[in-house]
Amino acid sequence: MSQKLSSSQLTALAQQFGTPLYVYHAEKIKEQYGKLKNAFRNRDTVFFYACKALTNINILKYIKSLGANVDCSSINEVKLALHAGFTPDRVLYTSNGISFGEIQEAKELGVIINIDSVSNLEKFGKAYGHSYPVGLRLRPNIMAGGNIKISTGHAKSKFGIPIEHISEVTAIVEQYNICVHDLHIHTGSDIKDVAVFVKGIEVLFDIIPHFKELKFIDLGGGFKVPYQEGDSETDMEALARKVEELFAAHPEASKLQVWFEPGKFLVSECGYFVTQVNVIKQTPAAKFISVDSGFNHLIRPMFYDAYHRIENISNDAPEDQTYSVVGNICETDTFAWDRKLSEVKEGDYLVFYNAGAYGFEMSSNFNSRYKPAEVLMKDGEPHLIRKRDTFEDLLKNQIEVL
Ligand SMILES: *Cc1c(COP(=O)(O)O)cnc(C)c1O
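Residues numbered from 1 in each chain as written. Predicted model: local features only at pLDDT ≥ 70, side-chain atom pairs only at ≥ 80, totals over all residues. Heavy atoms only, no water.

Draft legend 1. Inspection of the nonpolar core at higher detail. Ranked by internal contacts, the top residues of the largest apolar core, which has 107 residues, are Y49, L183, V267 and V325. For this core, the element with the highest residue contribution is helix α8 (residues 194-207), accounting for nine residues. The contact partners of Y49, leaving out residues within four places of it in the chain, are L54, I59, L60, I63, N69, V70, D71, P262, G263, L266 and V267. Counting residues in hydrophobic clusters, the runner-up holds 16 residues, among them L10, F17, I313 and V375. (Core = buried A, V, L, I, M, F, W, Y, C linked by side-chain atoms within 4.5 Å. Buried < 20%, exposed > 50% of the residue type's maximum accessible area, 1.4 Å probe, protein only. Helix = DSSP H or I, 4+ residues; strand = E, 2+ residues; numbered from the N terminus. Contact = heavy atoms within 4.5 Å.)

Below, the structure written as structure tokens:
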């Protein structure tokens, strides 16, 4: 049975810890990780949690305890992962557009590095030659993903070394005798279609023969999770069978370990964002509900046109009223237009589902509002894992010179 927190549990947490509040359900993360492990049971496969989705140190520790590795997108994420207790061999730094200084730092920390530019590859070769194995992040020129803003593998994307530059890459690898041990692609986020991964694998297969010391193929993340009612997630069983089949049929690839970097798939559904209704405003155009939050706390609807299911957990009557759900900041911060909810009263709690990935992580102090608190539910017990900001936090790094 799928792991879920009930309306009464969420209401109790809102009352205990206040709102707005992010709640994460540990057992749901475990369930999602189990799906991945089980689907790929027949093939040597390693999962690196793409931690930019949610980096609370307790989440990192919990995911480590499940046995997953971790994928980082900044040197600070690398340091957080090491702080959480991951050993360097379980930490992958998939860089993009970073200074060579950060690559040196990552090398000194002993973590696995994916390089995403010819320029940094050349500097790496000059500095380290064959002494430190490295991965290459390639851009496969495949358009995929839920929104152009989250598509990373297409022909106009900044990410990765364009596949058409492969001869430049191989020349540098040869010149400095660089040990390339993995090839990486990541095409985007919200990808349901197994065929997209197949296309990526085929692109990689074409270039495997150029690299004699390969051990790993890293297929990135981007698995889809259901945001809307009736949505489905990426079919992991289908993907796993396809990967097995493709790799088995390719002699040069069959011995390579496969890596994935799931972010959203592991932590999206574990997260609930609980808000409270401040004001209801009837206008000729819409009936607005303003909650005690805004895109300062959950930016996905305004940034990516993302859909989050919303429920009034204070009223279990049928969802037969239509509202526009908005925030309280001085910007248009619409969470949902014309959404059906059960009748809402001021003071009710509204919960946003699937708020674990890129929720708190993309929050800000815009309008000088506090970032929300975070709670982890584990074994039926709530743990406060981040305090709500306080007024001192707003002034913390400011220097009053006047
Ligand atoms: C963001 C990112 C991921 C994870 O994407 P999800 O859609 O959250 O699964 C994986 N790999 C890289 C390199 C990323 O930047």
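Draft legend 2. Here's a closer look at unusual backbone geometry. Between T19 and the following residue, P20, the backbone shows a cis peptide bond with an omega angle of -5°. For P20, the location among the structural elements is in the loop between α1 (7-17) and β1 (21-25). Of note, the phi angle at D190 is positive, near 70°, even though the residue is not glycine. By the secondary structure assignment, D190 is in the loop between β8 (180-184) and α8. The phi angle at N367 is positive, at roughly 70°, despite the residue not being glycine. Its location among the elements puts N367 in the loop between β16 (349-352) and β17 (373-378). Exposure remark for N367: the relative accessible area of 31% places this residue in the partly exposed category.

Draft legend 3. Focus on the pairing of β1. Taking burial as the measure, the five residues of β1 include five buried ones, the bulk of the element. Pairing analysis gives five bridges linking β1 to β17, with the strands arranged parallel. By the bridge assignment for β17, H25 is matched with M377. Examined bridge by bridge, β1 and strand β11 (residues 271-282) share four bridges and lie antiparallel to one another. Following the sheet pairing, Y24 is matched in β11 by G271. (Pairing = 2+ DSSP bridges.)

Draft legend 4. Spatial organisation of a negative patch on the surface. A cluster of acidic side chains, namely E229, E319, D320 and E343, defines a negative patch on the protein surface. Here E343 is to be found in the loop between β15 (334-341) and β16. For E343, a relative accessible area of 45% gives the class partly exposed. (Patch = residues over 30% accessible without salt bridge, like charges linked within 9 Å, V, L, I, M, F, W, Y side chains within 5 Å. Areas by Shrake-Rupley, 256 points an atom, 1.4 Å probe, with all protein chains shown as cover. Salt bridge = Lys/Arg side-chain N within 4 Å of Asp/Glu carboxyl O. Lys, Arg positive; Asp, Glu negative; His and termini not counted. Charge placed at Lys NZ, Arg CZ, Asp CG, Glu CD.)

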